[in-house]
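Here's the letter readout for the chains.
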Amino acid sequence: LGQVPARLKPDATTDMVCGYCATGCSLRIHLKEGEAVNLSPTSEYPVNLGMACPKGWEALSVLDAPDRATQPLRRNALGDLEPVTWDTALGEFCDRFKSIGEAYGPESIAFLSTGQMVTEEMAFLGALAKFGMGILHGDGNTRQCMATAATAYKQSFGFDAPPYTYQDFEESDVIFLVGSNICIAHPIMWERVCRNKNSPEIIVVDPRRTETAMAATSHLAIKPKSDLSVFYALAHILIREDWIDRPFIDASTSGFDEFVAFVQQYTPERAAEASGVDVEVIESVARKIHEGKRVSFWWTMGVNQNYEGVRVAQSLINLALMTGNIGRPGTGANSITGQCNAMGSRIWSNTTGLLGGRYFQNAEHRHEVAEVLEIPVERIPTEDSWPYHKIIEGIRTGEIKGLWILCTNTAHSWINQSDTRELLDKLDFLVVQDMYHTTETAQQADLVLPAAGWGEKEGTFINSERRLGIVKRVRRPPGEALPDFAIFRLIAEYWGCGELFRQWTSPEAAFGLLKELSRNRPCDITGIDDYAALDHAGGAQWPCTEPVANVEQQRRLFTDGRFYHDDARANFLWDETRAMPEQPDEEYPFLLLTGRGTASQWHTQTRTGKSPVLRKLYPANIYVEMHPADATLAGIANYDEVSVRSRRGELAATAFVTPTVQRGQLFIPMHYEETNRLTLPHFDPHSHQPSYKDCAVNIQPLHEE
Ligand code: SF4
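Residues numbered from 1 in each chain as written. Predicted model: local features only at pLDDT ≥ 70, side-chain atom pairs only at ≥ 80, totals over all residues.

- As named in an unreviewed UniProt entry, the protein chain is Nitrate reductase, taken from Aeoliella straminimaris.
- Annotation of the protein chain in UniProt includes, under Sequence similarities (unreviewed entry), the sentence "Belongs to the prokaryotic molybdopterin-containing oxidoreductase family. NasA/NapA/NarB subfamily." (UniProt positions renumbered as here; feature names shortened; annotations may be inferred.)

## Section: the overall build of the protein chain
Moving on, step 1. A count of helices and strands for the protein chain gives 25 helices and 26 strands.
Moving on, step 2. For 705 residues, the compact-globule formula gives about 27 Å, and the C-alpha radius of gyration of the protein chain, at 25 Å, lands near that figure.
Moving on, step 3. Along the first, second and third principal axes, the C-alpha atoms of the protein chain reach 70 × 70 × 65 Å.
Moving on, step 4. Put simply, the protein chain has 705 residues, and 57% of those count as buried.
Moving on, step 5. Considering only intrachain contacts with a sequence separation of at least 6, the fraction spanning at least 24 residues in the protein chain is 72%. (Helix = DSSP H or I, 4+ residues; strand = E, 2+ residues; numbered from the N terminus. Rg over C-alpha atoms; globule rule 2.2 N^0.38 Å. Buried ≥ 20, exposed ≤ 12 C-beta atoms within 10 Å, placed from the backbone. Contact = placed C-beta atoms within 7 Å.)

## Here's the deal with the sheet that holds strand β1 (residues 12-17)
Moving on, step 1. Read from one edge of the open sheet, 3 strands run β1-β2-β3, paired in antiparallel fashion. Each of the sheet's edge strands pairs with one partner strand only, and the pair in question is β1 and β3 (35-41). Strand-to-strand, the axes of this sheet are offset by a mean angle of 35 degrees, without reference to chain direction.
Moving on, step 2. Here β1 runs beside strand β2 (residues 26-32); their pairing, made up of 6 bridges, is antiparallel. The residue of β2 that forms the bridge with D15 is R28. (Pairing = 2+ DSSP bridges. Axes fitted to C-alpha atoms, helices over the stretch in contact; angles between N-to-C directions.)

## A few points about the site of the ligand
Moving on, step 1. Taken together, 13 residues surround the ligand, and among them C18, C21, C25, C53 and G56 come closest.
Moving on, step 2. At the level of elements, α1 (54-57) and α7 (187-194) are the ones that each hand at least two residues to the shell around the ligand.
Moving on, step 3. Tallied by class, residues from the shell around the ligand come to 8 nonpolar, 4 polar and 1 charged. (Near = placed C-beta within 6 Å. Nonpolar A, V, L, I, M, F, W, Y, C, P; charged D, E, K, R; others polar.)

## A short note on the pairing of strand β17 (residues 456-462)
Moving on, step 1. With 7 of 7 residues buried, β17 is to be regarded as a mostly interior element.
Moving on, step 2. Note that β17 and strand β18 (residues 467-473) share 5 bridges and pair antiparallel. Bridging across to β18, E456 finds its partner in R473.
Moving on, step 3. From the end of β17 to the start of β18, which pair antiparallel, there are 4 residues, and R466 there has a positive phi angle of about 70 degrees.

## Brief notes about the pairing of strand β22 (residues 623-626)
Moving on, step 1. Taken together, the 4 bridges between β22 and strand β24 (residues 650-657) define a ladder with parallel strand orientation. Considered in β24, the bridge of M626 is made with V657.
Moving on, step 2. By the bridge criterion, 2 bridges tie β22 to strand β25 (residues 665-669) in an arrangement that is antiparallel. Looking at the pairing, E625 lines up with F667 of β25.

## Re the nonpolar core
Moving on, step 1. If you look at the biggest cluster of nonpolar residues, it comprises 188 residues, and the most contacted ones within it are L128, L234 and L316.
Moving on, step 2. If we skip the residues at most four places from it in the chain, L234 touches I282, V285, A286, I289 and L319.
Moving on, step 3. If you look at the next biggest cluster of nonpolar residues, it comprises 23 residues, including F590, V644, C695 and A696. (Core = buried A, V, L, I, M, F, W, Y, C linked by C-beta atoms within 7 Å.)

## Thoughts on the domain arrangement of the protein chain
It is common to report an interface's size as the accessible area lost on association of the parts.
Moving on, step 1. Entries for the protein chain in the domain assignment read domain 1 (6-64), domain 2 (73-145 + 340-550), domain 3 (147-335) and domain 4 (590-701).
Moving on, step 2. Centre-to-centre separation of domain 2 and domain 3, based on C-alpha positions: 34 Å.
Moving on, step 3. Taken together, the contact pairs 11 residues of domain 2 with 11 residues of domain 3.
Moving on, step 4. Of the residues contributing to the side of domain 2 that touches domain 3, the split by class is 3 nonpolar, 4 polar and 4 charged. (Domains from an automatic or database assignment.)

## A word on the packing of helix α9 (residues 227-240) against helix α12 (residues 268-275)
Moving on, step 1. Two elements in contact, α9 and α12, have axes separated by 9 Å at closest approach and are oriented at 160 degrees. With respect to α12, the element α9 is oriented roughly antiparallel. For the pair α9 and α12, the sense of crossing is left-handed. Facing S229, V230, A233, H236 and I237 of α9, the residues of α12 in contact are P268, R270, A271, A274 and S275.
Moving on, step 2. Classifying every residue of the contact of α9 with α12 by side-chain character gives 6 nonpolar, 3 polar and 1 charged. (Parallel < 35°, antiparallel > 145°, perpendicular 65-115°, else oblique. Left-handed = near helix turned anticlockwise from the far one by under 90°.)

## Points about the sheet that holds strand β23 (residues 641-645)
Moving on, step 1. If you trace the 6 strands once around the closed barrel, you get β21-β25-β22-β24-β23-β26, paired in mixed fashion. Recorded for the sheet is a direction-independent mean angle of 45 degrees between the axes of neighbouring strands.
Moving on, step 2. Where strand β21 (residues 590-595) meets strand β26 (residues 695-701), 3 bridges bridge the pair, whose relative direction is antiparallel. Looking at β26, one finds that L591 is bridged to A696.

## Quick notes on helix α3 (residues 119-132)
Moving on, step 1. Taking 1.5 Å per residue as the helical rise, α3 with its 14 residues ought to reach 20 Å, and the 18 Å between its terminal C-alpha atoms agrees with that figure.
Moving on, step 2. The positive-phi residue at the C-terminal boundary of α3 is G134, with phi of around 80 degrees. (Expected span 1.5 Å × (residues − 1).)

## Here's the deal with unusual backbone geometry
Moving on, step 1. A cis amide bond links W542 to the next residue, P543, at an omega of 0 degrees.
Moving on, step 2. In this fold, P543 is placed in the loop between β19 (540-541) and β20 (570-571).
Moving on, step 3. In this structure, D242 takes a positive phi of about 60 degrees despite not being glycine.
Moving on, step 4. Residue placement: D242 occurs in the loop between α9 and α10 (246-252).
Moving on, step 5. With phi around 45 degrees, H603 is a residue other than glycine that occupies positive phi space.
Moving on, step 6. Structurally, the position occupied by H603 is in the loop between β21 and α24 (612-616).

Below is the structure:
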């Protein structure tokens, strides 16, 4: 501390969970006179053990950006956003949404939210919108990242339940990573892999030679979207060789015999042809799974953002089930979540599922919720919301006229961006609630509501291993910006439904309601008394039914071989593989892959783009990765300016010539505003998640001599 300038010398510290990714690291906030002045990673927290990635280290700096939204803004007659009072903004919010509802019905208003608000805010938003304002349709940006995993788990296990603890990274002897570049996307999880003392086999399945693939013991550089063929072939081999756990299959699963019949046709030879990976390699991977005592299967966006992603996720779940690799240390079929509170959103956002992982169609579930919230049960819709893409499509058809977008940047991140922006312009009324007034989406808004960010409000996040962690207020929000929770309370009053939400007096009061709503659900958190108990315990994984202080810190699900379906069994699920909807052809001969490009930027750079340190760690301008042989044929050299075009749009980028992409493929990071001009709007039929990683494009030098 002797080296620390006086202005950064803390007089106190407090710990809270990071607000970027779903790893859920704890950061020790250095306080001076009650305000955060600096931070460092918390060493005692069971998640990060004293580590943080660049985004975490820079978490405070982005709060000071000059383009923070500090006042409500309303678009005036000249088309400019001008400051207005909260009273005017809230009056406008209610008047315009109500008049749309009166003219076209309440189903003509929708909201799109996020995996980055605290759980209490997500639940309040979902309750306010659906039970108070009468809105039927609302979804979150978790549709873009985790809907596939959530759907796969619900169908296979009976509840959206990632079964693992991070300790499993350290206890596996075979770590099977699919479409998951955790070296940069979840760097602290990768550190947990590096702490594994078993010299594990690390098998990476990914079309690109990512940073994680380079560090693996085996890399299966499959052709894009051939993963389902390969995993069915692995099942085929395991069955053929009798490398399966019959007692577990018989005691704990359904549908295995039918699955055996199905995978007969998925021979290693067929998978080799589909994937470009040799039969011998596929056979050797099956053997490694067999020889592993503790095999864990992990996946991220390469699986989830896929037009057949649910079945791919379930093909991994099937492999774990048939080999008995679940419920034991170092095992599991493990989806790694994306955003800091994606798990909170999946269970508590009240969008396409009722609060607490319930179902709107289930009368008993509606009554349980009505009783705890003390609201008339008739206030609860009896059907699910439309998913994100149907809400966007509803603007085109004229069924959606008003949209409230919170804490997400749809105009940047949604697939087929030019079309999306045109549709947002068609709305009668667009409200954006965000920390920054400069996001691409806020720039299209009729009304901007200024929101406090992480560190400026309190609540809880749920991380990838189901751990609830505390978020605290360690800074004052700038100007008139308010925590989302406070904005929802104001809206309830202005709308005239405040009486329904008299219990929602604070985030901690809302936490008490969520506890009650979780009672006897798989996500039960009734063992956590309050925020202080959770803080003191260093977070807690759900379920947590015993006093949190007594609960073991690293727990996995299904240790007794019982799942959440009524018969306590897990389901084997499958479908035939399907061809990519848009194949490369003569006009568009390359396949475009998109994804995370760095550990130092986050999603649309809305926050991380504000940090001078993080900007230095990553190219400011968009670039496209291309194989050297393709570049030579196309007359493109490293750092040339190029044009990349799809049937939907075009962008200019700098060429980065690298053998980490295969021939015939290009890679562009998702962090740049332009990337989604190219992407093809197609979706998994079960999860409705967009398939961002397969569309046909061409590439040409921009300035030919
Ligand atoms: Fe934050 Fe994720 Fe980085 Fe941890 S790994 S510091 S949670 S962004």
